[in-house]
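Structure at a glance
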Amino acid sequence: MAIFADSNTRVVVQGITGRDGSFHTRQMMEYGTKVVAGVTPGKGGQTFADAVPIFDSVEAAVREEGANASVIYVPAAFAAGAICEAADSGVELIVCISEGIPVLDMLRATRYVADSGARLIGPNCPGMISPGKAKLGIIPGQIVEEGPVGVISRSGTLTYEVVWALTRVGMGQSSCIGIGGDPVIGTNFIDCLDAFESDPDTEAIVLIGEIGGTDEQNAARHIKEKISKPVVGFVAGQTAPPGRRMGHAGAIISGSSGTAEEKIATFKENGVEVAARPVDMPDLVGRVLNG
Amino acid sequence: MNIHEYQAREIFRQHGMPVPPGEVATTPEEAEKIAKTLGTGVVVKAQVHAGGRGKAGGVKLAATPAEAREAAGKILGMQIKGLTVTKVLVSPVEEIEHEAYVGAIVDRANGAVVLMASPEGGIDIEEVAAKTPELIFKETVDPRYGLLPHQASRLAYKLYAGDPGRARQAADIITKLYASMLGAGASLLEINPLITTKSGELKAIDAKMNIDDNELFRRTTIAELRDVEAEAPEEVKARAQGLTYIKLDGNVGCCVNGAGLAMATMDLVKYYGGEPANFLDIGGSSSPEKVVTAIEIITSDAAVQSILFNIFGGITRCDDVANGIVEATKEIELKVPITIRLTGTNEDEAVKILEDAGFSAMTDMDEAVQKAVELAKN
């Protein structure tokens with residue numbers, strides 16, 4: 001098993017003909033993901049890569065091809081609209097890779113998705129991968145391997161670093177979820193923790209956080225109360241100065257809140273082991289898996 | 001993006017907020033002229049992107065135009081938290097009866113805008129939150145419906161209970177604050193203090209506004225408010241190339257793909273006893289040109305004793321980065337050692353490109369960071 005997406009997931013790609021969309025759709029298909037449709041308004045009736053029918057709307061892709069998940073690669077200006085369109089069309093899972101979406105747009109889009117009952121991952125994220133089953137997004141397929149570790153992260157390349165370190169020592173993953181680096185996102189740490197908790201194939205969970213906001217602190221308290229599986233944490237940004245946006249829109253220490261120090265302390269107070277360096281992660285996971 | 005107080009006041013004014021008159025001056029003579037036109041005692045305030053202006057001596061009262069010139073002369077050119085003051089706001093002195101606070105922020109945890117108000121204005125709101133949290137009142141705005149009239153009224157009556165005259169003014173101000181937020185694409189706005197004058201009038205005499213950078217593509221007039229003089233020139237140059245650069249105080253220059261990995265790399269530099277000189281994210285799909293700019297920016301910092309590249313190739317191709325490094329070092333003579341770590345997409349090609357050009361490449365992040373830290377000490 002895996003969480004959120006597996007070999008039964010039927011993907012529609014919004015923005016399939018764009019530069020990023022077309023490149024990553026091919027990568028997803030090569031990985032074995034069932035990409036059943038694409039959407040680019042105005043290009044309905046065409047075919048992508050001689051295999052994937054293109055539609056003018058997500059609604060048509062769902063109706064004609066039975067898509068039940070969407071991956072979004074459209075430019076920031078249209079991305080919040082694309083999220084709402086996907087939610088309105090009845091897909092269960094929406095993965096939004098696009099970055100740079102205005103936060104005021106995301107306030108409405110996340111609310112719209114919640115009202116529709118769909119799950120949104122992202123935006124501004126690498127998406128997710130369930131090794132050996134499905135890849136929805138841009139996480140490189142060659143660095144993952146099937147196994148018992150669930151990975152949740154606010155980052156992209158830092159996640160790859162940690163996942164690759166796990167894979168190299170033979171610790172495969174059940175699913176890896178990049179929840180995104182924006183201040184307002186769909187699925188959060190707690191949603192993923194709960195899903196991994198109920199997934200029989202996940203035995204340990206890796207949580208990669210960073211400065212800004214209170215999601216890690218809330219996750220730490222939730223782990224203590226509700227999660228029986230072992231969790232190992234990491235927090236990036238111990239040397240980040242306050243008040244500066246460190247690349248990700250959400251990675252900013254506001255006043256005195258959202259520091260790495262505060263997050264690490266909250267993890268430790270709640271019994272979550274924290275790796276000092278990414279390279280320490282496999283050892284810690286090995287310890288909690290065996291102990 | 002931060003904007004200056006005088007710019008935030010202008011946005012408030014456009015939304016009908018009661019903001020006192022005042023203009024910005026870049027020379028003492030201009031300040032004198034503005035004070036003369038206003039015809040009252042004035043306050044001269046430094047316009048910099050830093051808090052604690054008052055404590056730093058960046059806010060001065062002046063009873064006459066001559067005093068305004070003198071005050072501006074002292075403030076202009078002054079350094080506040082490392083930033084040089086190039087502009088002052090000259091505004092009438094107000095007779096203050098009471099100071100309150102009103103603000104609006106995007107509350108990440110709730111995924112909603114939260115409006116806040118406190119009768120304890122004039123001081124840092126974080127301090128009020130820490131000491132007397134019961135004196136901060138909040139209303140969460142449902143993004144589907146926007147701010148509802150009763151929410152503005154409820155906050156206003158908490159601020160000025162038993163004083164309908166002031167409460168009605170406050171409800172109007174709170175409504176306009178929310179409208180300003182939507183109008184400017186702000187992620188944070190504060191009026192601190194919102195004053196009551198001797199005659200019972202409310203006025204917004206200080207304004208703070210942060211604009212969501214992601215809004216700028218569709219708000220050209222707001223984007224033009226960016227004061228590049230108030231930013232480090234390297235940061236401006238980096239942004240123009242689609243890079244994110246933030247200067248820090250250390251001597252190990254870092255160049256990384258991805259924000260999370262860039263932060264983790266800085267942390268590792270510190271872990272191994274060094275100090276990072278900067279945060280630099282070259283982003284996803286990296287062209288060699290971006291890498292050239294990155295090296296130009298890092299080497300323009302005289303404090304840098306050692307350069308560290310840390311690349312995890314996914315979408316970023318390691319050979320692109322390698323080509324960029326080779327290209328850049330043809331144009332710029334490196335005076336400090338460079339340590340290159342890359343792994344992932346097209347790693348083998350990258351290693352060959354680098355070795356042909358006389359560089360060596362590493363694949364282990366920790367080893368590379370340790371080496372870069374050691375080299376910075378020599």
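Keep in mind the model is a prediction, meaning the values are calculated, not measured.

Attention now moves to the overall build of chain B. Scanning chain B from N- to C-terminus turns up 13 helices and 18 strands. Counting only C-alpha atoms and orienting by the principal axes, one finds that chain B spans roughly 80 × 50 × 40 Å. Buried positions account for 53% of the 378 residues belonging to chain B. Looking at chain B as shown, the accessible area adds up to about 15800 Å², and 51% of this sits on carbon and sulfur atoms. On chain B, the mean spot of the 39 positive side-chain charges and the mean spot of the 55 negative ones are 6 Å from each other.

So, about the sheet that holds strand β7 (residues 119-121) of chain A. Residues and elements named next belong to chain A. The strand order across the open sheet formed by seven strands is β3-β4-β2-β1-β5-β6-β7, and the pairing between neighbours is mixed. Looking along the sheet, the strands with just one partner apiece sit at the ends: β3 (47-48) and β7. Sheet analysis places strand β6 (residues 93-96) next to β7, joined by three bridges and oriented parallel. Bridge pairing links I94 to L120 in β7.

Here we take up the domain arrangement of chain B. Splitting chain B by domain gives domain 1 (22-92), domain 2 (96-223) and domain 3 (232-377). Summarising the inter-unit geometry, the C-alpha centres of domain 2 of chain B and domain 3 of chain B are found 42 Å apart.

Another aspect to go through is the sheet that holds strand β10 (residues 146-153) of chain A. All names here are of chain A. Taking strand neighbours across the sheet as the criterion, the seven strands line up as β9-β8-β11-β10-β12-β13-β14 in an open arrangement whose pairing is mixed. The two strands at the open ends of the sheet, each matched to only one other strand, are β9 (134-137) and β14 (273-274). In this structure, strand β8 (residues 127-130) lies alongside β9, joined through four bridges in antiparallel fashion. Its bridge partner being in β9, G127 is matched across the sheet by G137. Contacting β10, β11 (173-178), β12 (204-210) and β13 (231-236), helix α6 (residues 189-198) runs over the sheet at an angle of about 165° to β10.

With that settled, consider the interface of chain A and chain B. Contact residues are listed per partner, giving 55 residues for chain A and 49 residues for chain B. When chain A packs against chain B, the two sides together hide about 4000 Å² of surface, and 60% of this comes from carbon and sulfur. When the buried area of chain A at its contact with chain B is split by residue, A:L104, A:R111 and A:T239 rank highest and sum to 16% of it. Linking chain A to chain B there are five salt bridges. Here B:D366 ties to A:R277 by a salt bridge, and the two come within 3.3 Å at their closest N and O atoms. At the boundary of chain A and chain B, one finds 15 residue pairs in polar contact (both at pLDDT 80 or more). Counting residues per element, the ones that place at least two in the side of chain A that touches chain B are α1 (19-31), α4 (103-116), α5 (157-168) and β13 of chain A. For the side of chain A that touches chain B, the element with the highest residue contribution is α4(A), accounting for seven residues.

Criteria and cut-off values
- Residues numbered from 1 in each chain as written.
- Chains lettered and ligands numbered in written order.
- Predicted model: local features only at pLDDT ≥ 70, side-chain atom pairs only at ≥ 80, totals over all residues.
- Heavy atoms only, no water.
- Helix = DSSP H or I, 4+ residues; strand = E, 2+ residues; numbered from the N terminus.
- Buried < 20%, exposed > 50% of the residue type's maximum accessible area, 1.4 Å probe, protein only.
- Areas by Shrake-Rupley, 256 points an atom, 1.4 Å probe, with all protein chains shown as cover.
- Lys, Arg positive; Asp, Glu negative; His and termini not counted.
- Charge placed at Lys NZ, Arg CZ, Asp CG, Glu CD.
- Pairing = 2+ DSSP bridges.
- Domains from an automatic or database assignment.
- Contact = heavy atoms within 4.5 Å.
- Axes fitted to C-alpha atoms, helices over the stretch in contact; angles between N-to-C directions.
- Buried area = accessible area lost by both parts, 1.4 Å probe.
- Salt bridge = Lys/Arg side-chain N within 4 Å of Asp/Glu carboxyl O.
- Polar contact = N/O pair within 3.5 Å; in protein donor to acceptor, adjacent residues only side chain to side chain.

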